[in-house]
Amino acid sequence: MSMTSHSYAADTTAKCSDLASKILAAATPPQITAACGAIEAFLHKHTPDQTRWFFSITFPTLICKMFGFDESSPAHRPPPRLPNGWIDVVASSNDSELARRVFDLLSPNSVLMASISAVDRLSLVKYVFPIERLPEWVRFILQSARDCRVLADLSPLFRGKIKEDSIKGSSFQIQLNVFEYYIFWFAYYPVCKGNSEFSDVVRVQRSKKFRLENWASSLPGFSNTRRSSDQKVECNLYIRLLYAYLRAFVPMSDLNAHQPYRSSLLHYSSRYDNSILEQAEFLVNTLVHFWLVDNDFSPLPVNLCMSFSLSFSFRSVLGESPPTSGLGEVVKVFVKYLNLSSIAIDEVSDKFEYSESLRQREIAHSVGCWNLWIQRPLYRFILRTFLFCPMETSIKNNAYQVFSVWISYMEPWTLRLEDFKGLEAEVGTAAKNITNVMPMSSSARGYSSLWQGFLLSNYLFYSSLVMHFIGFAHKFLHTDPKVIVQMVSEVINILTSSRELVDLIKNVDIVFHSEPTTSRSSKSMLNSLYRFVPTIREQLQDWEDGLCESDADGSFLHENWNKDLRLFSDGEDGGQQLLQLFILRAESELQAISGDGLLGNLQSLNSLKGRVECLFGGPIMKPAQTPPLIRHCQESRNEIFKPRRVGNGTPAFITYKGDWMKRPISHDEIGWLAKLLVRVSGWLNENLGLNRVENGHVGMVWSYVEVPVGDAGDVSGPRETTRLLLCSVGNWFLSSCGVVVGFMKRHGLRVNLRILASKKVVTVLLVMAALNLLRKAITA
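Residues numbered from 1 in each chain as written. Predicted model: local features only at pLDDT ≥ 70, side-chain atom pairs only at ≥ 80, totals over all residues. Heavy atoms only, no water.

**Student:** Which parts of the structure should I look at to understand the overall build of the protein?
**Tutor:** Along the backbone of the protein there are 35 helices and three strands. Per-residue burial for the protein yields a buried fraction of 49% across its 780 residues. The long-range fraction of contacts in the protein, counting pairs at least 24 apart against all pairs at least 6 apart in sequence, stands at 76%. Taken as a whole, the protein presents about 38600 Å² of accessible surface, with 55% of it coming from carbon and sulfur. (Helix = DSSP H or I, 4+ residues; strand = E, 2+ residues; numbered from the N terminus. Buried < 20%, exposed > 50% of the residue type's maximum accessible area, 1.4 Å probe, protein only. Contact = heavy atoms within 4.5 Å. Areas by Shrake-Rupley, 256 points an atom, 1.4 Å probe, with all protein chains shown as cover.)

This is the structure we're talking about:
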């Protein structure tokens, strides 16, 4: 009997090896179709305990081919021009039949997923996920044995999955079952693709310890195969798979919601209800950490880290890096799907209570809503995109995609059945599944008081994040004025879409900056909002932890970053003043580019002015006029935002129009030296009083020295004469410096040493120093 079992195992192992070789060789649509059929035929013929060899030998090869990973290709070899990853082949071939075949292989109700579920129930196979593919903050934690032991408590995603390496006793590894292993690779695919495509446009300096370029170079098609921006969503195989997994594994409204794939996919009965919850939490947490958190230097809530007495220096390792490029499309589908569960707030808004501690998991379970799981990661994902977006990138690519995610998140009441019917048809489920969860009236109504709980829970998305976005709009206005004006208009249109919505946002801002009162004359509405203030303050400190506009990143809010809620502030750093300045700059920029669409652009700008006046309850400026033939005034206004440079003329590649010392580090500067000289210049300007303009009407005050009568004739000898001469020279030097400083104050000039950070200037100085040393050496 043992000989028979041994021979059967050997035969199964040989078949799995042959199947792996067939998968590895499949690179064309007919070969991929044949490989999918062979995989399904093998799984149909074998029981779960017999498929362990498939998942030990064949399944890792399938993942490599599905996502285009080829371990055999060396890191230094350039990627081929044609993709050999199955998902990339589907995208490039635009073959609907091939897309359907690959989707059927990986869909939640496929035989492959059923086999995965059966093998995991028996715990037959375990995988070790590569450390270098994990989110960047997790890689950093795994370097410390002490931090590894608390990682499971910090993040539920890694609970029970961190094991000590049996080979390397001092290191730790992530052990996963088959389903978890596949989902990790599925979530990592767009991250690595985005890193590869982004590196072709802008080279972001990172620590060598965490570089992914070597591995990404072995992903054929990542660097060369790009999807057209106007490609339909239903043609994207990855989007279809993402939606199918969300529908199958993540409940929409509550944890007892109907699961369309429950009976056909994992054969769950009532005793597996707890595993359904764990699987849903696992999928949501995986996508959150791989997509939204990843390289965030504050990946976890501050209070959570303080409770474990942990302090991570992520900022020194990860730096101020923007989120991974190219994730906007998948994140939008993910967020919109989870926002469907926010409709449950309509029914339980009266039960929704705030406390000073953010108990996200408990509240999410009681409310039946996934929204609180993604609030902080999504807020920081959007904010980091606005703050750290490189000047060299195009707004229409990554930044606008992330902006669309924000806009979609701010209007959950506009979700319509049509937004998901296309994907419902693609994944083969009836559209009535969503209809049973979403009230039909929700797609036709706008904001109402039923959404007050959602807005108060996400208030920073409607206030503080708006202020940061205004700074982003000022920073990138010159790159594409029309697109930036359109983006600002969309945000203001949402804030002013309902009178009730505007009043609620204003009232929360009022109670945030005031003290609660027990007077009967005070409005009961305002008193009822005071209980939300502690949570909003905690969210403001936690969600924006470490995120502010530095002095050298070129952001408009460089000195007064949003430590407070300033959207309705009356100061110069308030929302009304910044929007007024934005409209003035936008009018100038739009008139400068001219063109046939100028009249339409100015009409859009006037519409924006009207919305801003509605938001703040008063006029801000007169409407924009048609540009005159002579544009001397507008050119003088442009000079305010023109960067200063040495020499005459303005080269075409200079696009920044803000304060010259506050502009981003350019490619022709030495970064660390520029930051140092900017700080030295700021210190000199502050101590010399050059940041304040001197009033030209102040009269001249003569200073004099009263000489004592007894000492008038007692000046003799060379010692006293030398002292008098030195004092005279010093007095003349100080007087000259005072005259220069006074001249600079009257004319608004400041000390600017940043020009010395230019690579050309430094090169000239180094060459002169080298020549001087060489001359001295030759002379000696």
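**Student:** What's the story with the packing of aromatic side chains in this structure? I'm lost.
**Tutor:** The geometry of two aromatic rings is summed up by the distance between their centres and the angle between their planes. Summed over the entire model, instances satisfying the criterion amount to 45 aromatic pairs. Centre to centre, the rings of F179 and F282 are 6.2 Å apart; their planes meet at 50°, and the pair counts as tilted. With F179 in helix α9 (residues 178–201) and F282 in helix α13 (residues 273–293), this pair connects stretches of sequence that are 103 residues apart. We note that F179, like F282, is buried. Centroid distance W451 to F454: 6.0 Å. Interplanar angle 90°. Geometry classified as edge-to-face. When its relative accessible area of 0% is taken as the criterion, F454 is described as buried. Seen from the ring of F103, R240 lies directly overhead, with NZ or CZ sitting 4.7 Å from the centre. Positioned above the aromatic ring of F297 is the side chain of R380, whose terminal nitrogen or guanidinium carbon lies 5.7 Å from the ring centre. (Phe/Tyr/Trp six-rings, centres within 6.5 Å; stacked < 30°, edge-to-face > 60°. Lys NZ or Arg CZ within 6 Å of the ring centre and 35° of its normal.)

**Student:** Help me understand the sheet that holds strand β1 (residues 127–129), please; the structure alone is not making it clear to me.
**Tutor:** Strand order in this open sheet of three strands is β1-β3-β2, and the pairing throughout is antiparallel. Edge strands, defined here as strands with exactly one partner in the open sheet, are β1 and β2 (162–164). Between one strand axis and the next, the sheet turns by 55° as a mean value, whatever way the strands run. Sheet topology places β2 next to strand β3 (residues 172–176); three bridges connect them, and they run antiparallel. Note that in β3 the partner of K163 across the bridge is Q173. (Pairing = 2+ DSSP bridges. Axes fitted to C-alpha atoms, helices over the stretch in contact; angles between N-to-C directions.)

**Student:** Could you clarify how one ought to interpret the nonpolar core in this entry?
**Tutor:** As a rule of thumb, nonpolar side chains are buried together in soluble globular proteins. Formed by 186 residues in total, the largest nonpolar core has its most connected members in F59, W291 and W406. Per-element tally for this core: the top contributor is α9, with 13 residues. Grouped together as the second largest cluster of nonpolar side chains are five residues, A674, L677, A757 and V762 included. (Core = buried A, V, L, I, M, F, W, Y, C linked by side-chain atoms within 4.5 Å.)

**Student:** Sorry, what's going on with the pattern of salt bridges here?
**Tutor:** Proximity of charged atoms lets side chains of opposite charge pair with each other. Taken as a whole and assessed by the stated rule, the structure comprises 11 salt bridges. D503 is paired through a salt bridge with R499; the nearest N and O atoms lie 3.3 Å apart. Separated by four residues within a single helix, D503 and R499 lie in helix α27 (residues 499–512), roughly one turn from each other. For R499, a relative accessible area of 46% gives the class partly exposed. (Salt bridge = Lys/Arg side-chain N within 4 Å of Asp/Glu carboxyl O.)

**Student:** Would you mind going over the confidence of the model for the protein with me for this structure?
**Tutor:** Low-confidence regions, as indicated by low pLDDT, have predicted coordinates that should not be scrutinised in detail. Looking at the protein as a whole, the pLDDT averages 75, with 69% of positions reaching at least 70. When the elements of the protein are averaged for pLDDT, helix α10 (residues 213–216) gives the smallest value, 33, and helix α24 (residues 459–462) the largest, 96. Ignoring residues within four places in sequence, the model shows residues 344–368, a span with pLDDT below 50, making 50 contacts including any to other chains. pLDDT under 50 marks residues 549–562. Its contacts with residues more than four places away, or in other chains, come to 43 contacts. (pLDDT = per-residue confidence, 0-100.)

**Student:** Please explain helix α29 (residues 533–543) as it appears in this structure.
**Tutor:** Because each turn of an α-helix spans 3.6 residues, side chains separated by three or four positions in sequence point in the same direction. Counted residue by residue, α29 has eight buried out of 11 residues, so it is predominantly covered. Those residues of α29 that fall on the buried side of the exposure criterion are V533, T535, I536, E538, Q539, L540, D542 and W543.

**Student:** Whenever I open this one, the environment of T385 confuses me. Can you help?
**Tutor:** Tracing the sequence through the fold places T385 in helix α19 (residues 371–388). You can call T385 buried: its relative accessible area is 2%. Linking T385 and S321, residues 64 residues apart in sequence, is a C-alpha distance of 8.7 Å. Beyond its immediate chain neighbours, meaning those up to four positions away, T385 contacts P323, N398, A399 and V402.

**Student:** Where do I start with unusual backbone geometry in this structure?
**Tutor:** Leaving glycine aside, a negative phi is the common case for residues, and trans is the common case for peptide bonds. Despite not being glycine, N94 shows a phi value in the positive range, around 55°. Tracing the chain through its elements places N94 in the loop between α4 (86–93) and α5 (96–106). Phi at D294 takes a positive value of approximately 45°, unusual for a residue other than glycine. Structurally, D294 can be placed in the loop between α13 and α14 (302–307).

**Student:** Just checking my understanding: could you explain the packing of helix α30 (residues 575–593) against helix α31 (residues 598–616) for this structure?
**Tutor:** Each packed pair of helices is defined by two parameters, the angle between the axes and the distance between the axes. Where α30 meets α31, the axes come as close as 10 Å, and the angle between the chain directions of the two elements is 175°. By the angle between their axes, α30 is roughly antiparallel relative to α31. Contact residues: G575, Q576, L579, F582, I583, A586, E587, L590 and Q591 in α30; L598, N601, L602, L605, L608, K609, V612 and F616 in α31. Here the contact of α30 with α31 is composed, by residue class, of 11 nonpolar, four polar and two charged. (Parallel < 35°, antiparallel > 145°, perpendicular 65-115°, else oblique. Nonpolar A, V, L, I, M, F, W, Y, C, P; charged D, E, K, R; others polar.)

**Student:** Please clarify how the pairing of β3 should be interpreted in this entry.
**Tutor:** Looking along a regular strand, one sees the side chains alternate between the two faces of the sheet. Of all five residues in β3, four are buried; the element is thus mostly enclosed. Two strands pair when backbone bridges link them, and β1 and β3 are joined in this way by three bridges, in the antiparallel orientation. Considered in β3, the bridge of F129 is made with I174.

**Student:** Which parts of the structure should I look at to understand helix α25 (residues 464–476)?
**Tutor:** Across its 13 residues, α25 extends 19 Å between first and last C-alpha, which sits within 8% of the 18 Å expected from 1.5 Å per residue. Across the 13 residues of α25, 13 count as buried, placing the element largely inside the fold. (Expected span 1.5 Å × (residues − 1).)

**Student:** Would you mind going over the environment of L112 with me for this structure?
**Tutor:** Relative to the elements of secondary structure, L112 occurs in helix α6 (residues 111–122). Sequence-wise, L112 and H44 are 68 residues apart; in three dimensions their C-alpha atoms are separated by 9.2 Å. Excluding residues within four positions of it along the chain, L112 makes contact with L43, F54, F55, F59, L62, L105 and L106.

**Student:** So what exactly am I meant to see when it comes to the packing of helix α20 (residues 395–410) against helix α26 (residues 481–495) here?
**Tutor:** Where α20 contacts α26, the axes come no closer than 11 Å and their chain directions differ by 5°. With respect to α26, the axis of α20 lies roughly parallel. Residues I395, K396, Y400, F403, W406, I407 and M410 of α20 lie in contact with α26, whose contacting residues are V483, I484, Q486, M487, E490, V491, I494 and L495. A per-class count over the contact of α20 with α26 returns 12 nonpolar, one polar and two charged.

**Student:** Looking at this structure, I do not really get a nonpolar patch on the surface. What am I missing?
**Tutor:** A cluster of nonpolar side chains, namely V767, L771, L774 and I778, defines an oily patch on the protein surface of about 410 Å² accessible area. Among the secondary structure elements, V767 is positioned in helix α35 (residues 759–779). For V767, a relative accessible area of 43% puts it in the partly exposed group. (Patch = residues over 30% accessible without salt bridge, like charges linked within 9 Å, V, L, I, M, F, W, Y side chains within 5 Å.)

**Student:** Quick question: what am I supposed to make of the environment of I583 here?
**Tutor:** Tracing the backbone shows I583 in helix α30. Relative accessible area serves as the criterion here: at 1%, I583 is assigned to the buried category. As for I583 and L605, which are separated by 22 residues in sequence, their C-alpha atoms are 7.3 Å apart.

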